[in-house]
Amino acid sequence: MHNFLPFAYFQNQFLPFNEAKISIATHALHYGTGAFGGLRAIPDPQKPEQILLFRLDRHCQRLSSSAKLLQYDLPADKIEKIIVDFVQKNQIDKSCYIRPFVYNSGLGISPRLHKIEKDFFVYGLELGDYLSPEGVSCRISSWYRQEDRSLPLRGKISGAYITSSLAKTEAVESGFDEAILLNTQGKISEASGMNVFIVRGGKLITPGFNQDILEGITRDSIITIAKDLGIETIERPVDRTELLIADEVFLSGTAAKISPVKKLESYELPKTRPITNQLQEKLVAITENREPEYKDWVYAIPKEG
Ligand SMILES: Cc1ncc(COP(=O)(O)O)c(C=O)c1O
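Owing to the predicted nature of the structure, the values given are computational and were not obtained by experimental measurement.

**Describing the overall build of the protein**
Now for step 1: When you go through the protein residue by residue, the secondary structure sums to 7 helices and 17 strands.
Now for step 2: Compactness check: the protein gives a C-alpha radius of gyration of 19 Å against a globular reference of 19 Å for 305 residues, within 12% of the reference.
Now for step 3: Each principal axis of the C-alpha atoms in the protein carries an extent, and together these give about 50 × 50 × 35 Å.
Now for step 4: Taken across its 305 residues, the protein has 53% of its residues classed as buried.

Here it is, written out as structure tokens:
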């Protein structure tokens, strides 16, 4: 059961979540011609009268770019303002996940992006841990991550998530928590909704942007935090065997935060994870606005508008 926030933003206005409804003939429903964002909103542990959003500007920029790929001109600052109003309207007082969505809202049966109505909505739900922060088991999926030449992977295009759904279900139904997908070159790409990092010899290694990954905002944050902690990150193709012999492996994402991988296929991974723990601790402190040097990454919204 999901606890949805009481108000949604839909068709240029705020209205009760249950009244935000679309037609069964909506283009995006049939063809996946939508794109979404996802960000967490948490009550400020130090100042309960405000809500904190992590890297709001980056999330809005990425959604604006996704919209552009769908031929929809939706500036990042407009998205940002609506999300801020959304947080205030809902008087959020628990950890939530905010889901903004841009899509072909017009009706019609021809797959296309041109000459079709677009819209933008936002809704939210309460969300605790998406994956266990103690560690997850992963399998290598039999499904491959798509390639940018057939699908714009730099956008969070809704239709693309059929592959994530197939991979996640395959993993869970075969007894694992999560799936790691290879790209069509046979290199590690990412998990169903997270980027992948490994630690070898004290260095972080993660597949680069040329490995068909989503440009994760948590990934970007981790690379910066690691640099500030004096840990080098190498962005390069990663083979599956490297995961099996890595000192540490973890997944990163807005929903998953930093989730250590404890088991991969039938291989147990090391239980001691000094670098993952260090990054996990720092990331939590930053998102809770306890790290003044990173205050630009945290957007504080007073509860009263
Ligand atoms: C396919 C995919 N990869 C990676 C990520 C991680 O991205 P971020 O850290 O921006 O949430 C997500 C989640 O948004 C995702 O859906």
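**Regarding helix H7 (residues 274-287)**
Now for step 1: In a regular helix each residue adds 1.5 Å, so 14 residues correspond to 20 Å; H7 covers 20 Å between its end C-alpha atoms and thus fits that length.
Now for step 2: Among all positions of H7, only Ile275, Thr276, Leu279, Gln280, Lys282, Leu283, Ala285 and Ile286 are buried.
Now for step 3: Among the residues trailing H7, asparagine 289 stands out with phi positive, at a value near 60 degrees.

**Notes on the packing of helix H5 (residues 217-228) against H7**
Now for step 1: Between H5 and H7, the shortest axis-to-axis distance is 11 Å and the interhelical angle comes to 110 degrees. One element, H5, and the other, H7, form an angle in the roughly perpendicular class. The crossing of H5 and H7 is right-handed. Mapping the contact onto sequence places Thr218, Ile222, Ile225 and Ala226 in H5 and Leu279, Lys282, Leu283 and Ile286 in H7.
Now for step 2: Considering only residue class, the contact of H5 with H7 consists of 6 nonpolar, 1 polar and 1 charged.

**Comments concerning empty space enclosed by the protein**
Now for step 1: Inspection of every chain in the model, using the stated rule, returns 3 cavities of 30 Å³ or more.
Now for step 2: As for the largest cavity, its lining consists of Arg145, Leu151, Pro152, Leu153, Gly155, Lys156, Ile157, Ala160, Tyr161, Glu190 and Leu214.
Now for step 3: Its residues assigned to classes, the lining of the largest cavity comprises 7 nonpolar, 1 polar and 3 charged.
Now for step 4: Each pocket or cavity is described by its volume, and for the second largest cavity that value is around 50 Å³.
Now for step 5: Along the walls of the second largest cavity sit Arg145, Gln146, Ala160, Thr163, Ser164, Leu181, Glu190, Ala191 and Ser192, which together make up its complete lining.
Now for step 6: Of all the secondary structure elements, the ones that give two or more residues to the lining of the second largest cavity are helix H4 (161-173) and strand E10 (188-191).
Now for step 7: Broken down by class, the residue content of the lining of the second largest cavity amounts to 3 nonpolar, 4 polar and 2 charged.

**Focus on the layout of surface pockets**
Now for step 1: The computed volume of the largest pocket comes to approximately 780 Å³.
Now for step 2: Lining the largest pocket are 32 residues, and of these Phe36, Tyr97, Arg99, Tyr130 and Ala255 lie nearest its centre.
Now for step 3: Of all the secondary structure elements, the ones that give two or more residues to the lining of the largest pocket are strand E6 (96-104), strand E7 (118-126), H4, H5 and strand E14 (248-253).
Now for step 4: Tallying contributions element by element places H4 first for the lining of the largest pocket, with 5 residues.
Now for step 5: Here the lining of the largest pocket gathers at least three residues from each of two domains, domain 1 (7-126) and domain 2 (136-287).
Now for step 6: Considering only enclosed or pocket space, the second largest pocket measures out at about 330 Å³ in volume.
Now for step 7: If you go around the second largest pocket, you meet 20 residues; those closest to its centre are Arg40, Ile42, Phe54, Lys257 and Thr287.
Now for step 8: Those elements that provide at least two residues to the lining of the second largest pocket are strand E4 (39-43), strand E5 (50-54), H5 and H7.
Now for step 9: It is E4 that contributes the most residues to the lining of the second largest pocket, 4 residues altogether.
Now for step 10: Lining the lining of the second largest pocket are residues from two domains, each supplying at least three of them: domain 1 (7-126) and domain 2 (136-287).

**Concerning the packing of aromatic side chains**
Now for step 1: Taken as a whole and assessed by the stated rule, the structure comprises 14 aromatic pairs.
Now for step 2: An aromatic cluster is defined as three or more aromatic residues linked by ring pairs; in this entry it consists of Phe4, Phe10, Phe17, Phe101, Tyr103, Phe121 and Tyr123.
Now for step 3: One Lys or Arg, lysine 89, reaches over the ring of phenylalanine 7 and ends 4.6 Å from the middle of that ring.

**Looking at the nonpolar core**
Now for step 1: Counting 29 residues, the largest nonpolar core has Leu53, Ile83, Val87, Ile98, Val102 and Phe120 as its most contacted members.
Now for step 2: Where this core is concerned, the elements lending two or more residues are E4, E5, helix H2 (56-69), helix H3 (76-89), E6 and E7.
Now for step 3: Top contributing element to this core by residue count: H3, with 7 residues.
Now for step 4: Residue contacts for isoleucine 83: discarding those within four places in its chain leaves Leu39, Leu53, Leu56, Cys60, Ile98 and Pro100.

**Structural notes on H5**
Now for step 1: Under the 1.5 Å per step criterion, the end-to-end length of H5 is 17 Å for 12 residues, consistent within 8% with the ideal 16 Å.
Now for step 2: When we look at burial in H5, the residues that qualify are Ile217, Thr218, Arg219, Ser221, Ile222, Ile223, Ile225 and Ala226.
Now for step 3: Glycine 230 occupies a position one or two residues after H5 and carries a positive phi of about 85 degrees.

Reading the values: the criteria
Residues numbered from 1 in each chain as written. Predicted model: local features only at pLDDT ≥ 70, side-chain atom pairs only at ≥ 80, totals over all residues. Heavy atoms only, no water. Helix = DSSP H or I, 4+ residues; strand = E, 2+ residues; numbered from the N terminus. Rg over C-alpha atoms; globule rule 2.2 N^0.38 Å. Buried < 20%, exposed > 50% of the residue type's maximum accessible area, 1.4 Å probe, protein only. Expected span 1.5 Å × (residues − 1). Axes fitted to C-alpha atoms, helices over the stretch in contact; angles between N-to-C directions. Parallel < 35°, antiparallel > 145°, perpendicular 65-115°, else oblique. Left-handed = near helix turned anticlockwise from the far one by under 90°. Contact = heavy atoms within 4.5 Å. Nonpolar A, V, L, I, M, F, W, Y, C, P; charged D, E, K, R; others polar. 1 Å grid on protein atoms, 1.4 Å probe; cavity = no way out; pocket = protein on both sides within 12 Å on 5 of 7 lines; lining within 4 Å. Points joined across faces, edges and corners; volume = space filled by probe spheres on them. Domains from an automatic or database assignment. Phe/Tyr/Trp six-rings, centres within 6.5 Å; stacked < 30°, edge-to-face > 60°. Lys NZ or Arg CZ within 6 Å of the ring centre and 35° of its normal. Core = buried A, V, L, I, M, F, W, Y, C linked by side-chain atoms within 4.5 Å.

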